[in-house]
There are 2 protein chains.
Amino acid sequence: MKETENREQAILRAAEREFTTRGFDGAKTTSIAEAAGVTHALLHYYFRTKEKLYERVLDDIISRLEASIVEAFSVSGAPFTSRLEEGLRRHFLFLLDHPDLPRFLIHEIGARSERIALVRARMGRLVGRVFASLQADMERQAARGEIARVSLADLLLDAVSLNAFVFLSYPVIAQLLAPGVEPRAFFLARLEENLTVIRKRLIPDPPCETASPSCSSLWLP
Amino acid sequence: MKETENREQAILRAAEREFTTRGFDGAKTTSIAEAAGVTHALLHYYFRTKEKLYERVLDDIISRLEASIVEAFSVSGAPFTSRLEEGLRRHFLFLLDHPDLPRFLIHEIGARSERIALVRARMGRLVGRVFASLQADMERQAARGEIARVSLADLLLDAVSLNAFVFLSYPVIAQLLAPGVEPRAFFLARLEENLTVIRKRLIPDPPCETASPSCSSLWLP
DNA sequence: GAAATGTTTAACAAGATTGTCAAACCAAAG
DNA sequence: CTTTGGTTTGACAATCTTGTTAAACATTTC
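Residues numbered from 1 in each chain as written. Chains lettered and ligands numbered in written order. Predicted model: local features only at pLDDT ≥ 70, side-chain atom pairs only at ≥ 80, totals over all residues. Heavy atoms only, no water.

Enquirer: Would you take a moment to explain the pattern of salt bridges for this structure?
Expert: Side chains that carry opposite charge are capable of pairing whenever their charged atoms lie near each other. All told, the structure shown has 40 salt bridges over all chains when counted by the stated rule. In this structure, arginine 22 of chain B and glutamate 18 of chain B form a salt bridge, with 3.5 Å as the shortest nitrogen-oxygen distance. Placement of both arginine 22 of chain B and glutamate 18 of chain B in helix α1 (residues 4-26) is noted, with a separation of four residues, approximately one turn of the helix. Of the charged contacts, one joins arginine 90 of chain B and glutamate 86 of chain B as a salt bridge, the two residues approaching to 3.0 Å between their closest N and O atoms. With arginine 90 of chain B and glutamate 86 of chain B both in helix α5 (residues 80-97) and four residues apart, the pair spans about one turn of that helix. Taking relative accessible area as the criterion, arginine 90 of chain B reaches 27% and is therefore assigned partly exposed. Classification of glutamate 86 of chain B by relative accessible area gives partly exposed; the value is 29%. Beyond isolated ion pairs, a larger network of salt bridges with shared partners links Asp59, Glu66, Arg122 and Arg125 of chain A. (Salt bridge = Lys/Arg side-chain N within 4 Å of Asp/Glu carboxyl O. Helix = DSSP H or I, 4+ residues; strand = E, 2+ residues; numbered from the N terminus. Buried < 20%, exposed > 50% of the residue type's maximum accessible area, 1.4 Å probe, protein only.)

Below, the structure is given as structure tokens:
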């Protein structure tokens, strides 16, 4: 075998780029082959059909995402809040390395319902692991009154929403909210904001015997 | 003209459904025509090309979104926090009526860069109006120390992230986080969580002379 | 070096998809 | 009734896209 690994790998890389930026329907096997520098017949030789190539790419992507998130929350022994912050930080930095990934996943699970089963199954395992890993620590800290009582599901969804949406909306909001700012600087600033939001979400609800403004009923009409 | 309004409208409705659920590339003019109950030649008679039909649909959608958001924040005279809460509530309910809209916009602005200019221009006007409408009120309340000092851009992006992402991720997370819960109940619960997050984000940073847990350095390693 | 096995290509086939067109249709105006 | 104008259709053309195939090519093995 000459450098078959390279050819196959080249096709996979090109396919991932094409699929993630254009979606399944927008991606053309001819474009992928061209981008990989091979004839499109070779693409079919290696991956049979567009569908199979897509599945392979999707599988690879989810595996990497899964590994990255599990690893992100694996810092053990530290208090819940530290582990959470560290996990969110790594999650965000992972997205910074794969900025098109959220858009791709979101689109494909919505547009192509056949995929949902696969994605959901693997996400299920992933969420299960993260939950199991954090739940006990969270309860412990909540029991001590150090953090507010929140459902872990809500809290994590809050965090993922904040982290992912910056990348989803970037093309529209960047010039709008921060014209002229370096992309990386913009994203890192958002990371800090996101962490602040989550931290504050966990501030215990004060007993409200003080006249503190946060206890006033500003929010109640 | 027999009921031409109805035919044209039927095509537009079918096109919006098809485009928003499948994206530009996934949508087929034949499917749209079929769904609208007309021949596909008629579709071309009214809208010339798929591209033009798409532009029309996109334009309509953005107009409705724009109108809804401007209206959502138009409650004048109330304190900033009330206006914000009311705006976010209405924004969320609008999305509840158009659950595929965030996915559609996010995908299209990412996948088809030609569209960005149009979307960005209109979003620019929209954000400008909302900003102008809220900024002064926000400063006033911050000056009184009733709310934390945050950039309005960050705060609104936080809120939109939280509101939109539930809909984006719904197909995957629903069964995972809340199995068996009615969709509407699930979404409304999320709305409350989102409002809580934003409220807490605005809690003024305490002076930290008390031993309150929120002042401890739990978050600093 | 010849056979066997795996890789690569050019050419082709089948089908889908967008878009056009001339003719049929229909409603209203003269 | 006939003309006129916009509507609607069936049939067609052009192109794009996926997928196949037979043959050329390379590499290993005996």
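Enquirer: How do you make sense of the side chain of arginine 112 of chain A when you look at a structure like this?
Expert: Among the secondary structure elements, arginine 112 of chain A is positioned in the loop between α6 (101-111) and α7 (113-143). In contact with arginine 112 of chain A, not counting residues within four places along its chain, are Phe24, Glu51 and Tyr54 of chain A. (Contact = heavy atoms within 4.5 Å.)

Enquirer: I would appreciate a short explanation of the protein's contact with DNA strand D in the present structure.
Expert: In the vicinity of DNA strand D there are 18 residues, among which Thr29, His40 and Lys50 of chain A together with Tyr45 and Tyr46 of chain B approach most closely. The protein-proximal atoms of DNA strand D, defined as those within 4 Å of the protein, are 66% sugar or phosphate. Between a phosphate oxygen of DNA strand D and a main-chain N or O atom of lysine 50 of chain A, the distance comes to 2.8 Å. Going through the elements one at a time, α2 (29-36) and α3 (40-47) of chain A together with α1 and α3 (40-47) of chain B are the ones with two or more residues in the surface near DNA strand D. Per-element tally for the surface near DNA strand D: the top contributor is α3 of chain B, with four residues. Each residue belonging to the surface near DNA strand D can be placed in one class, and the counts come to seven nonpolar, seven polar and four charged. (Near = heavy atom within 4 Å. Polar contact = N/O pair within 3.5 Å; in protein donor to acceptor, adjacent residues only side chain to side chain. Nonpolar A, V, L, I, M, F, W, Y, C, P; charged D, E, K, R; others polar.)

Enquirer: Honestly, the packing of helix α9 (residues 183-201) of chain A against helix α8 (residues 152-177) of chain B in this entry has me stumped. Any pointers?
Expert: Two quantities define a packed helix pair, namely the angle between the helix axes and the distance between the axes. Direction vectors running N to C along α9 of chain A and α8 of chain B enclose 70 degrees, while the axes themselves pass 11 Å from each other. Relative to α8 of chain B, the element α9 of chain A is oriented roughly perpendicular. α9 of chain A and α8 of chain B meet at a crossing whose hand is right-handed. Note on element contacts: α8 of chain B touches α9 of chain A through Asp154, Leu157, Asp158 and Ser161 of chain B, opposite Arg190, Glu193, Asn194 and Val197 of chain A. Partitioned by chemical class, the residues of the contact of α9 of chain A with α8 of chain B number two nonpolar, two polar and four charged. (Axes fitted to C-alpha atoms, helices over the stretch in contact; angles between N-to-C directions. Parallel < 35°, antiparallel > 145°, perpendicular 65-115°, else oblique. Left-handed = near helix turned anticlockwise from the far one by under 90°.)

Enquirer: For this particular structure, what's the right way to read the packing of aromatic side chains?
Expert: One pair of aromatic rings is described through two measures. These are the centre distance and the angle between the planes. As enumerated under the stated definition, the model contains 22 aromatic pairs over all chains in all. Measuring from ring centre to ring centre gives 6.3 Å for tyrosine 54 of chain A and phenylalanine 104 of chain A, while their planes differ by 70 degrees; the resulting arrangement is edge-to-face. Linking tyrosine 54 of chain A in helix α4 (residues 50-72) with phenylalanine 104 of chain A in helix α6, this pair joins segments that are 50 residues apart in sequence. Taking relative accessible area as the criterion, tyrosine 54 of chain A reaches 0% and is therefore assigned buried. Measuring from centroid to centroid gives 5.2 Å for phenylalanine 19 of chain B and tyrosine 54 of chain B, while their planes differ by 80 degrees, and the two rings are edge-to-face. Taken together, the residues phenylalanine 19 of chain B in helix α1 and tyrosine 54 of chain B in helix α4 (residues 50-72) connect sequence positions 35 residues apart. (Phe/Tyr/Trp six-rings, centres within 6.5 Å; stacked < 30°, edge-to-face > 60°.)

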